[in-house]
Amino acid sequence: EAGVTQSPTHLIKTRGQQATLRCSPISGHTSVYWYQQALGLGLQFLLWYDEGEERNRGNFPPRFSGRQFPNYSSELNVNALELEDSALYLCASSFSPEARGYTFGSGTRLTVV
Amino acid sequence: AQKVTQAQTEISVVEKEDVTLDCVYETRDTTYYLFWYKQPPSGELVFLIRRNSFDEQNEISGRYSWNFQKSTSSFNFTITASQVVDSAVYFCALSEAGYGGATNKLIFGTGTLLAVQP
């Protein structure tokens, strides 16, 4: 069974640009979660999608947004990139909102220069 | 408010030593889940264990064991006979139960960097 896959592995953007990160959940998983792991800030919850709907978001500005597609894959978009957006972005999936079996991908390392 | 505290920032041990990673949590919920994840240098979070708040039985899996004590809000993780391959950052996390209004997010501790020297 394929795990959670994220692309790209690494992404380098210039300040002010937009970044798009992608996540494919494990087959059969309907919930997708995004987390940011920035240096010195630990792992912070960003967004949760289930059945195509945004269910909850963390304490991040609106320029962090995303969506979930009918096949349950997800995109995270970060607009107007700032230097402090440089981080490892991790995606996780679970079988259902009630399930507490979160499986994480390897992440996308975003560097803003 | 929910919170997870991992007071040990870094631990260094010599191979074959036993090591315990501490985790203390805060929550107002009576139903919740606790997790441990391992993050090797590659970055992926590797799931180790999940416990729900109603199951206080300690668990052993090979060289790994977990001690869950609700009375002290702790969920400690012990590695017996540590190996170099155990070197990683270990995260403790909390997830509150419920849906339809619940956050359903994982609240992570700050992690403990374990370095096992040969």
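The following refers to the structure shown. (Residues numbered from 1 in each chain as written. Chains lettered and ligands numbered in written order. Predicted model: local features only at pLDDT ≥ 70, side-chain atom pairs only at ≥ 80, totals over all residues. Heavy atoms only, no water.)

Examining the overall build of chain A
This is how the line gets drawn: Secondary structure elements are taken from DSSP: a helix is a run of H or I of four residues or more, a strand is a run of E of two residues or more, and numbering for both begins at the N terminus. As a reference, a globule follows 2.2 Å times the number of residues to the power 0.38, and the radius of gyration itself is taken over C-alpha atoms. Three exposure classes are used, based on accessible area relative to the maximum for each residue type with a 1.4 Å probe and protein chains only: buried under 20%, partly exposed in between, and exposed over 50%. Residue contacts are counted whenever heavy atoms from the two residues lie within 4.5 Å of one another. Values of accessible area rely on a 1.4 Å probe in the Shrake-Rupley scheme; residue burial ignores everything except the protein chains shown. A positive count includes Lys and Arg, and a negative count includes Asp and Glu. His and the chain ends are not counted in either. A single reference atom marks each charge: NZ on Lys, CZ on Arg, CG on Asp, CD on Glu.
What chain A contains, in helices and strands, is zero helices and 11 strands. The C-alpha atoms of chain A give 13 Å as radius of gyration, which agrees with the globular expectation for 113 residues (13 Å, within 12%). Looking at chain A residue by residue over its 113 residues, the buried ones come to 50%. Restricting to contacts in chain A with at least 6 residues of sequence separation, those with at least 24 account for 54%. Total accessible area computed for chain A in this model is approximately 5200 Å², and 50% of it derives from carbon and sulfur atoms. One finds the centroid of the 9 positive side-chain charges in chain A at a distance of 7 Å from the centroid of its 10 negative side-chain charges.

Digging into the interface of chain B and chain A
Using the following cut-off: Buried area counts how much accessible surface, traced with a 1.4 Å probe, disappears from two parts once they are put together, with both parts' losses summed. The definition of a polar contact used here is a pair of N or O atoms within 3.5 Å, where within protein one atom must be able to donate a hydrogen and the other to accept one, and adjacent residues in sequence count solely through side-chain atom pairs. Each residue is assigned to one class: nonpolar for Ala, Val, Leu, Ile, Met, Phe, Trp, Tyr, Cys and Pro, charged for Asp, Glu, Lys and Arg, and polar for all the others, Gly among them.
Taken together, the contacts link 21 residues of chain B with 19 residues of chain A. Between chain B and chain A lies a buried interface of about 1700 Å² when both sides are counted; carbon and sulfur atoms form 53% of it. At the boundary of chain B with chain A, the tally comes to five residue pairs in polar contact (both at pLDDT 80 or more). Sorting the residues of the side of chain B that touches chain A by element identifies β5 (32-39) and β10 (88-96) of chain B as the ones contributing at least two each. A per-element tally of the side of chain B that touches chain A places β5(B) first, with four residues. Considering only residue class, the side of chain B that touches chain A consists of 10 nonpolar, seven polar and four charged.

Looking at the nonpolar core
All names here are of chain B. Quick note on the threshold: Definition used in this section: a nonpolar core is a set of buried Ala, Val, Leu, Ile, Met, Phe, Trp, Tyr and Cys residues joined via side-chain atoms within 4.5 Å.
Of all hydrophobic cores here, the largest spans 25 residues; its most connected members are Trp36, Trp66, Phe77, Tyr90 and Leu114. Counting only elements with at least two residues in this core, the list comes to β2 (10-14), β3 (19-21), β5, β6 (46-52), β8 (64-69), β9 (74-79), β10 and β12 (112-117). At four residues, the largest contribution of residues to this core is made by β10. Setting aside anything within four residues of it in sequence, one finds Phe77 in contact with Val19, Thr20, Leu21, Trp36, Leu48, Tyr64, Ser65, Trp66 and Tyr90.

Comments concerning the pattern of salt bridges
Residues and elements named next belong to chain A. Put simply, the rule reads: Think of a salt bridge as a Lys or Arg side-chain nitrogen and an Asp or Glu carboxyl oxygen that are within 4 Å of each other.
All chains considered together, the criterion is met by nine salt bridges over all chains. Ionic pairing is found between Arg63 and Glu82, a salt bridge with its closest N-O pair at 3.4 Å. Taken as a pair, Arg63 in the loop between β6 (53-57) and β7 (64-68) and Glu82 in the loop between β8 (74-78) and β9 (87-94) lie far apart in primary sequence, 19 residues in all. Arg63 gets classed as buried once you look at its relative accessible area, which sits at 16%. The partner of Asp85 in a salt bridge is Arg63, with the nearest N and O atoms 2.7 Å apart.

Digging into the state of the cysteines
Residues and elements named next belong to chain A. Worth spelling out the cut-off: Disulfide: a pair of cysteine sulfur atoms within 2.5 Å of each other.
Taken as a whole and judged by the stated rule, the model has two disulfides over all chains. The residue that forms a disulfide with Cys23 is Cys91, at a sulfur-sulfur distance of 1.8 Å. On the sign convention where negative is left-handed, the bridge of Cys23 and Cys91, at about -65° about the S-S bond, is left-handed. Of this pair, Cys23 sits in strand β3 (residues 19-24) while Cys91 is found in strand β9, placing the two residues 68 residues apart along the sequence. Each member of the pair, Cys23 together with Cys91, is buried.

So, unusual backbone geometry
The linkage connecting A:Ser7 with the following residue, A:Pro8, adopts the cis geometry, with an omega of -10°. Tracing the backbone through its elements, the reader meets A:Pro8 in the loop between β1 (5-7) and β2 (10-13). One non-glycine residue, B:Ser73, adopts positive backbone phi at about 50°. Along the polypeptide, B:Ser73 turns up in the loop between β8 and β9. By relative accessible area, which is 24% here, B:Ser73 ends up partly exposed.

Some thoughts on the environment of A:Gly40
Position of A:Gly40 relative to the elements: it lies in the loop between β4 (31-38) and β5 (42-50). C-alpha separation for the pair A:Gly40 and A:Gly101, spaced 61 residues apart in sequence, amounts to 26 Å.

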